[in-house]
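Given next are the chains, with one letter for each unit.
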Amino acid sequence: MRTFPLRIGTPDGLLFKGEVERVVCRSISGDLAVLAGHCNFCTALGMGEAHIVLEDGTRREAACIGGMLSVINGECDVLATTWEWKEDIDAERASAAKERAEKMLAKGGLTDKEYKIAEAKLQRALVRLSVKE
Ligand code: ATP
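Everything in this summary refers to the structure shown in the same document. Being a predicted model, the structure only gives us computed values, none of them experimental.

## Thoughts on unusual backbone geometry
Here is step 1 of the chain: One non-glycine residue, N73, lies in positive phi territory at about 50 degrees.
Here is step 2 of the chain: Relative to the elements of secondary structure, N73 occurs in the loop between β5 (59-72) and β6 (75-85).
Here is step 3 of the chain: Classification of N73 as exposed rests on a relative accessible area of 66%.

Listed below in structure tokens is the structure:
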């Protein structure tokens, strides 16, 4: 299968650079797969499971939480707010974060801002846990 160059970075630095067959992640308008030959393109990323398929067919899974993806002249760049490879996700931490967020939401009486923060924390925890499954 044809490959293309992919770079994945976060504010902490470059996490991946290499040739891949495919990158799949959640954009703000739905799931997105980029293959070789994709047209020039740019989108904001949502929160969701992501994966890449390497030249040798190895699949690497990750949690992708926000950012931007672009394809320019066949080269793909993912600049993610947070990109965590499956093996780096701490499931216990995510479960604890999920419980905390659920308790906050159940307690009620939150301001709009507190509600949005708790919801976003819950969504991040759920994405991390689903990648770990
Ligand atoms: P927590 O309440 O556990 O901090 P959070 O969703 O508020 O969860 P973030 O603000 O999204 O955490 O992330 C802060 C930093 O911690 C980021 O660098 C992120 O990659 C890392 N991180 C958060 N949760 C986990 C986890 N379960 N496993 C590995 N890294 C995590």
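## Some points on the site of the ligand
Here is step 1 of the chain: Lining the immediate environment of the ligand, one finds T82, E84, D88, I89, D90, R93, A94, A97, R100, K121, R124 and R128.
Here is step 2 of the chain: Within the backbone of D90, one N or O atom sits 2.8 Å away from a nitrogen atom of the ligand.
Here is step 3 of the chain: Here an oxygen atom of the ligand sits 2.5 Å away from a polar atom, N or O, in the side chain of K121.
Here is step 4 of the chain: Considered on its own, the ligand offers 590 Å² of accessible surface; in the complex 69% of this is hidden by protein.
Here is step 5 of the chain: The element that contributes the greatest number of residues to the shell around the ligand is helix α1 (residues 91-107), accounting for 4 residues.
Here is step 6 of the chain: Along the lines of polarity and charge, the residues of the shell around the ligand split into 3 nonpolar, 1 polar and 8 charged.

## Digging into helix α2 (residues 112-132)
Here is step 1 of the chain: Between its first and last C-alpha, α2 extends 30 Å over 21 residues, near the 30 Å set by a 1.5 Å rise per residue.
Here is step 2 of the chain: Restricting attention to buried positions, one finds in α2 the residues A118, L122, A125, V127, R128, L129 and V131.

## A short note on the pattern of salt bridges
Here is step 1 of the chain: Counted according to the given criterion, the structure contains 6 salt bridges.
Here is step 2 of the chain: A salt bridge links D77 to R7; the nearest nitrogen and oxygen atoms lie 2.7 Å apart. With D77 in strand β6 and R7 in strand β1 (residues 4-10), this pair connects stretches of sequence that are 70 residues apart.
Here is step 3 of the chain: The exposure class of R7 is partly exposed, given its relative accessible area of 39%.
Here is step 4 of the chain: Here R59 makes a salt bridge to E61, at a shortest N to O gap of 3.5 Å.
Here is step 5 of the chain: A relative accessible area of 48% places R59 in the partly exposed class.

Reading guide: rules and limits
- Residues numbered from 1 in each chain as written.
- Predicted model: local features only at pLDDT ≥ 70, side-chain atom pairs only at ≥ 80, totals over all residues.
- Heavy atoms only, no water.
- Helix = DSSP H or I, 4+ residues; strand = E, 2+ residues; numbered from the N terminus.
- Buried < 20%, exposed > 50% of the residue type's maximum accessible area, 1.4 Å probe, protein only.
- Near = heavy atom within 4 Å.
- Polar contact = N/O pair within 3.5 Å; in protein donor to acceptor, adjacent residues only side chain to side chain.
- Areas by Shrake-Rupley, 256 points an atom, 1.4 Å probe, with all protein chains shown as cover.
- Nonpolar A, V, L, I, M, F, W, Y, C, P; charged D, E, K, R; others polar.
- Expected span 1.5 Å × (residues − 1).
- Salt bridge = Lys/Arg side-chain N within 4 Å of Asp/Glu carboxyl O.

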